[in-house]
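# Working through the structure, step by step
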Amino acid sequence: MSSETIRVLIAEDEALIRLDLKEMLEEEGYSVVAEVGDGQQALDRARELTPDLVILDIQMPVLDGLSAAEQIASARIAPVIVLTAFSQRELVERARDAGAMAYLVKPFSKNDLVPAIEVARARFAEMAALDGEVRTLEERLETRKVVEQAKGRLMEQRGITEAEAFRWIQRTAMNQRTSMKALAQSILEPGTASEGSPA
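Residues numbered from 1 in each chain as written. Predicted model: local features only at pLDDT ≥ 70, side-chain atom pairs only at ≥ 80, totals over all residues. Heavy atoms only, no water.

## Considering the overall build of the protein chain
In terms of regular secondary structure, the protein chain is built from eight helices and five strands. In the protein chain, the succession of α and β elements from N to C terminus is β-α-β-α-β-α-β-α-β-α-α-α-α. Oriented by its inertia axes, the alpha-carbon framework of the protein chain measures out at about 55 × 35 × 30 Å. Expressed as a percentage of its 199 residues, the buried residues of the protein chain come to 43%. Contacts spanning at least 24 positions in sequence make up 60% of the contacts within the protein chain whose residues lie at least 6 apart. For the protein chain, the accessible area works out to roughly 10400 Å², and carbon and sulfur atoms hold 49% of it. (Helix = DSSP H or I, 4+ residues; strand = E, 2+ residues; numbered from the N terminus. Buried < 20%, exposed > 50% of the residue type's maximum accessible area, 1.4 Å probe, protein only. Contact = heavy atoms within 4.5 Å. Areas by Shrake-Rupley, 256 points an atom, 1.4 Å probe, with all protein chains shown as cover.)

Below, the structure is given as structure tokens:
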């Protein structure tokens, strides 16, 4: 765990699951800054507290978790992990479309929770870095697509992780004083082996 404590907001209408989740998080060194039982409260508290992470149950009263996730994600307040008792494909897709960074099916253990948090926070940081480069939504989607493809190529070529590939693209773009999109496009050009090696 890093020295900065990660602040988490939990939104789950079942008190027992909320309690379990809070215990799991606190055992792992996370700080639970708020616990709420419906999606509207989740949205209000997220805006007010700007936590580092929001964990939302999909099925909640007042405002469901997917709608809350969508609003939290589009406002770039914090990365969102959605919880559900259903592993239905369309819910996974709806959660992803809503901007959820990770997904957990109940019942889950601490071993599922911590990696999901790490993935969600890493993806959120990537999106924030990319969004800093572009102004329009169309540009943003195009940039993300190209960077995703370039990450895939680097992972394949070098046997590195997704996070390492992203860091390499970010650092190299900075060193070359170019945008991540331009660098990603050059990585994808046929016959271009990217120079330098990722850390």
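## Focus: helix H3 (residues 65-74)
When H3 is considered as a whole, its buried residues turn out to be Gly65, Leu66, Ala68, Ala69, Ile72 and Ala73. Projected down its long axis, H3 carries its buried residues within an arc of 160°, all on one side. Looking at where H3 begins, the residue whose side-chain oxygen comes 2.9 Å from the main-chain nitrogen of leucine 66 is aspartate 64. Phi turns positive, to about 55°, at arginine 76, one or two residues after H3. (Arc of directions from axis to C-beta. Polar contact = N/O pair within 3.5 Å; in protein donor to acceptor, adjacent residues only side chain to side chain.)

## Thoughts on the environment of threonine 161
Within the element layout of this structure, threonine 161 appears in the loop between helix H6 (137-158) and helix H7 (162-175). As a C-alpha pair, threonine 161 and lysine 151 span 10 residues in sequence and 8.9 Å in three-dimensional space.

## A look at the packing of aromatic side chains
For the structure shown, the criterion picks out zero aromatic pairs. Lying over the aromatic face of tryptophan 168, arginine 158 brings its terminal NZ or CZ to 4.8 Å of the ring centre. (Phe/Tyr/Trp six-rings, centres within 6.5 Å; stacked < 30°, edge-to-face > 60°. Lys NZ or Arg CZ within 6 Å of the ring centre and 35° of its normal.)

## Side note on the side chain of aspartate 57
Tracing the backbone shows aspartate 57 in strand S3 (residues 53-57). At a separation of 3.0 Å, a polar atom in the side chain of aspartate 57 contacts the side chain of lysine 106. Ignoring sequence-local partners within four residues, the contact set of aspartate 57 consists of Ala11, Glu12, Asp13, Gly65, Leu83, Thr84 and Lys106.

## Regarding the packing of helix H5 (residues 110-131) against H6
Between H5 and H6, the shortest axis-to-axis distance is 10 Å and the interhelical angle comes to 125°. With respect to their mutual orientation, H5 and H6 come out oblique. For the element pair H5 and H6, the recorded crossing hand is right-handed. Residues Glu126, Met127, Leu130 and Asp131 of H5 form the contact with H6, whose participating residues are Arg140, Thr143, Arg144, Val147, Glu148 and Lys151. Counted by class, the contact of H5 with H6 contains three nonpolar, one polar and six charged residues. (Axes fitted to C-alpha atoms, helices over the stretch in contact; angles between N-to-C directions. Parallel < 35°, antiparallel > 145°, perpendicular 65-115°, else oblique. Left-handed = near helix turned anticlockwise from the far one by under 90°. Nonpolar A, V, L, I, M, F, W, Y, C, P; charged D, E, K, R; others polar.)

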